[in-house]
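Structure at a glance
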Amino acid sequence: LNMRYIPAGEFMMGDDNGHDDAKPAHPIFLPEFFMDAYEVTNAQYQRFDPAHEYPEGMDLYPVVNVTWEEAQAYADWIGKRLPTEAEWEKAARGCDGRRYPWGEIFDPLKCNTEESGNRRLTQVDQYPSGKSPFGVYDLFGNVLEWTADQYQPYRWSHYDSLEFKENFAVLRGSPWIHQGSLSTCATRIYAPPANKSNFIGFRCVKDIE
């Protein structure tokens, strides 16, 4: 329910014109999977954690201030898992390697980033025009999303960083508080797994057996 099918196949991951940690662009083959159409909401998360509190009227807003471990625990509880970086990027960019879920040019009317002027979270279904090629909402905008992966260099990368030794978890997307025009769907962000923020949330994926 409320998941989107991502077909098996190859896509181009990374960006030769992006930050050094997103280089080189390289082909990746992924098996088919399902991804949540929307970011996990407050109402959904409260079913898992009855102690979770949020302002009235924000049932359909993304849950925030959850650690990587809490996001993983929710995914386990509901019978899903966190997406890998590659799964997240394919779901966002499609198989044609677009920069944003909707195409090549940044558009503040298609996502909730600083440029949109909202200056706050929005409902997870507010930007249908910003859906990815597979029909997934808010892969760019609203909140950063935890992935399953540790921050490490890509297989063919020559880039090195001290942060690779810090056991950081990778986040993807662009949140309401950041300038979306300064990043793309290939941009990698990282944080300590115990980090909590009002612009970090998550969504889940499910394997097809």
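See the structure shown above.
Attention in this report is confined to the structure presented alongside it. (Residues numbered from 1 in each chain as written. Predicted model: local features only at pLDDT ≥ 70, side-chain atom pairs only at ≥ 80, totals over all residues. Heavy atoms only, no water.)

This brings us to the overall build of the protein chain. Across its full length, the protein chain carries 3 helices and 9 strands. Mapped from its N terminus to its C terminus, the protein chain presents α and β elements in the order β-β-β-β-α-α-α-β-β-β-β-β. Over its C-alpha trace the protein chain gives a radius of gyration of 16 Å, about what one expects of a compact globule, namely 17 Å for 209 residues. For the C-alpha atoms alone, the extent of the protein chain along its principal axes is close to 45 × 35 × 35 Å. (Helix = DSSP H or I, 4+ residues; strand = E, 2+ residues; numbered from the N terminus. Rg over C-alpha atoms; globule rule 2.2 N^0.38 Å.)

Pairing of strand S1 (residues 3-6) with strand S4 (residues 33-36) involves 4 bridges; the strand directions are antiparallel. Note that in S4 the partner of Met3 across the bridge is Asp36. (Pairing = 2+ DSSP bridges.)

A few words now on the sheet that holds S1. What links the strands of a sheet is backbone hydrogen bonding, and the strands pair in either a parallel or an antiparallel sense. Sheet architecture is open: 3 strands sit in the order S1-S4-S9, paired in antiparallel fashion. Two strands lie at the open edges of the sheet, namely S1 and strand S9 (205-207), each paired on one side alone. Each strand of the sheet is rotated relative to its neighbour by a mean of 25°, with strand direction disregarded. With respect to the sheet, helix H3 (residues 85-93) is in contact with S1, S4 and S9, its orientation differing from that of S4 by roughly 75°. (Axes fitted to C-alpha atoms, helices over the stretch in contact; angles between N-to-C directions. Contact = heavy atoms within 4.5 Å.)

Relative to the elements of secondary structure, Arg188 occurs in the loop between strand S6 (169-172) and strand S7 (189-191). Residue Arg188 is classed as buried on the basis of its relative accessible area of 6%. Within the local environment of Arg188, its side chain forms a polar contact with the backbone oxygen of Asp21, the two atoms lying 2.9 Å apart. Here Gln152 takes part through its backbone oxygen, which lies 2.7 Å from a polar atom of the side chain of Arg188. Setting aside its immediate chain neighbours within four residues, Arg188 contacts Asp21, Ala22, Glu85, Tyr151, Gln152, Pro153, Tyr154, Val170, Leu171 and Arg172. (Buried < 20%, exposed > 50% of the residue type's maximum accessible area, 1.4 Å probe, protein only. Polar contact = N/O pair within 3.5 Å; in protein donor to acceptor, adjacent residues only side chain to side chain.)

Across 2 bridges, the pairing between strand S5 (residues 144-150) and strand S8 (residues 200-201) is parallel. Residue pairing in the sheet places Glu145 in a bridge with Gly201 of S8. In this sheet, S6 lies alongside S5 in antiparallel orientation, the contact comprising 3 bridges. Looking at the pairing, Gln150 lines up with Ala169 of S6.

Counting residues in each nonpolar core, the largest one holds 22 residues, and the members touching the most others are Val40, Tyr45, Trp146 and Phe202. Looking at this core, the elements with two or more residues in it are helix H2 (68-77), S5 and S6. Residue contributions to this core peak at 3 residues, all from H2. If we skip the residues at most four places from it in the chain, Tyr45 touches Val40, His52, Val63, Val66, Glu70, Tyr74 and Phe202. Counting 21 residues, the second largest nonpolar core, distinct from the first, contains Ile6, Tyr100, Cys111 and Phe140. (Core = buried A, V, L, I, M, F, W, Y, C linked by side-chain atoms within 4.5 Å.)

This part takes up H2. Those residues of H2 that sit buried are Ala71, Gln72, Tyr74 and Ala75. The buried residues of H2 occupy an angular sector of 160° when the element is viewed end-on, so they sit on one face. Following H2 by one or two positions, Gly79 has its phi on the positive side, about 80°. (Arc of directions from axis to C-beta.)

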